[in-house]
Amino acid sequence: MSFELLEPATLGEALALLDPDDLAVRAVAGGTALSLMVQSHIFKPTRLVSLRRLNGELRGVHVEGDGSLRIGAMTTLTELERSPVLAVSEPVLSRALHTLSNVRVRNIATIGGHLAHGDPHMDLPPILVTLGARVRAVSPRGERWIDAGELITGYYETSLAGDELIVELHVPAQPPGARAAYAKFTALSADDWPAVGVAVWLRREGETVVEARVVVGGATDHPTRMTAAEAALTGNTAGVKAFAAAGDAAAGEVEPLGDLRGSGPYKREMVRVHVRRALERAVAPSEDHP
Ligand SMILES: Cc1cc2nc3c(=O)[nH]c(=O)nc-3n(C[C@H](O)[C@H](O)[C@H](O)COP(=O)(O)OP(=O)(O)OC[C@H]3O[C@@H](n4cnc5c(N)ncnc54)[C@H](O)[C@@H]3O)c2cc1C
């Protein structure tokens with residue numbers, strides 16, 4: 001198989017080398033996901049546009065004046081995992097990164113590639129949806145912001161156009177008292193892909209849940225909000241009863257896809273259990289929140 005590998009020096013050059021009408025022309029960041037697809041002949045590129053030389057322009061974790069985070073698309077997962085800033089503002093992400101694949105992959109894989117790949121088994125997208133994160137995407141036509149919940153639209157499908165690149169991820173500052181947690185269930189090793197990944201986010205007034213977000217990944221074709229589970233929480237006391245009801249509601253509404261890590265019915269039961277566990281973790285005094 002032959003293809004050309006180009007290494008533009010600027011974002012403008014990279015964009016000009018992409019082709020919105022040719023799916024065989026693709027950007028490559030860390031290459032951890034793309035190289036596996038090329039090696040297994042799932043993807044046959046004619047041109048790969050490496051983003052390697054855009055490292056300076058698109059790398060790093062920056063705190064804005066309002067406490068929100070701006071993360072360059074070429075920031076590696078290891079850099080994120082070790083970021084003191086992330087550990088303080090969004091520990092739920094730092095903790096999830098510890099068991100995301102292995103250190104060799106994390107050293108090379110980038111957050112931009114992680115988000116653009118569209119694999120429904122990714123750990124971070126469900127969490128980013130609960131946190132209300134957005135990505136900034138740039139194309140020769142200009143730029144736009146895409147909510148994390150609207151980025152991955154189906155099985156390996158995203159809302160990105162063929163000539164659009166993610167340049168940064170924006171994670172807003174969370175309101176005081178908001179609690180987020182992630183429950184990753186792996187059927188094989190602890191750092192395997194999640195068979196089911198459940199991200200939750202709660203805002204309470206006193207003990208009453210006034211706002212809830214519950215997002216399932218791994219079991220569905222894209223990170224999916226469990227609206228019945230959210231309704232089971234909202235207006236109720238944050239505790240055993242509401243958490244069990246939310247787990248039952250999520251198990252009722254999820255449309256699980258079976259794969260090597262579990263059948264659909266098995267994943268449905270794992271959703272029931274892990275929604276409840278994620279909620280328990282969210283309200284427990286723990287390292288998952290500032
Ligand atoms: C062995 C192994 C185990 C893994 N286990 C896990 C796991 O447990 N949990 C988990 O969440 N993930 C896991 N992953 C997936 C890993 O998170 C992704 O491979 C990685 O994040 C992709 O990043 P990358 O920079 O290497 O992307 P690449 O492989 O370079 O690109 C992936 C896709 O994104 C596109 N792309 C890249 N950058 C951009 C950009 N800036 N804008 C637009 N499009 C872009 C490419 O064109 C390509 O389509 C695993 C991967 C491997 C290889």
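Scroll up for the structure.
Below is a short write-up of the structure. This is a predicted model, so every value here is computed, not measured.

## Re the pattern of salt bridges
Item 1. Counted by the stated rule, this structure contains 19 salt bridges.
Item 2. Across the salt bridge formed by Glu143 and Arg136, the nearest N and O atoms sit 2.7 Å from each other.
Item 3. Between Arg272 and Glu269 there is a salt bridge, and its shortest N-O distance comes to 2.9 Å. Residue Arg272 and its partner Glu269 are located together in helix 12 (residues 264-283), separated by three residues, close to a single helical turn.
Item 4. Using a relative accessible area of 27% as the deciding quantity, one classes Arg272 as partly exposed.
Item 5. A cluster of three or more residues bridged by salt bridges with shared partners is formed by Glu64, Arg70, Arg136, Glu143 and Glu168.

## Looking at unusual backbone geometry
Item 1. The phi dihedral of His41 is positive, around 65°, even though this residue is not glycine.
Item 2. Within the secondary structure, His41 sits in the loop between helix 2 (32-39) and strand 3 (47-50).
Item 3. The phi dihedral of Ser101 falls on the positive side, at around 55°, and the residue is not glycine.
Item 4. You can see Ser101 is positioned in the loop between helix 5 (91-98) and helix 6 (103-108).
Item 5. For Ser101, a relative accessible area of 22% translates into the label partly exposed.

Basis of the calculations
- Residues numbered from 1 in each chain as written.
- Predicted model: local features only at pLDDT ≥ 70, side-chain atom pairs only at ≥ 80, totals over all residues.
- Heavy atoms only, no water.
- Salt bridge = Lys/Arg side-chain N within 4 Å of Asp/Glu carboxyl O.
- Helix = DSSP H or I, 4+ residues; strand = E, 2+ residues; numbered from the N terminus.
- Buried < 20%, exposed > 50% of the residue type's maximum accessible area, 1.4 Å probe, protein only.

Everything listed is a geometric property; what it means functionally is a separate question.
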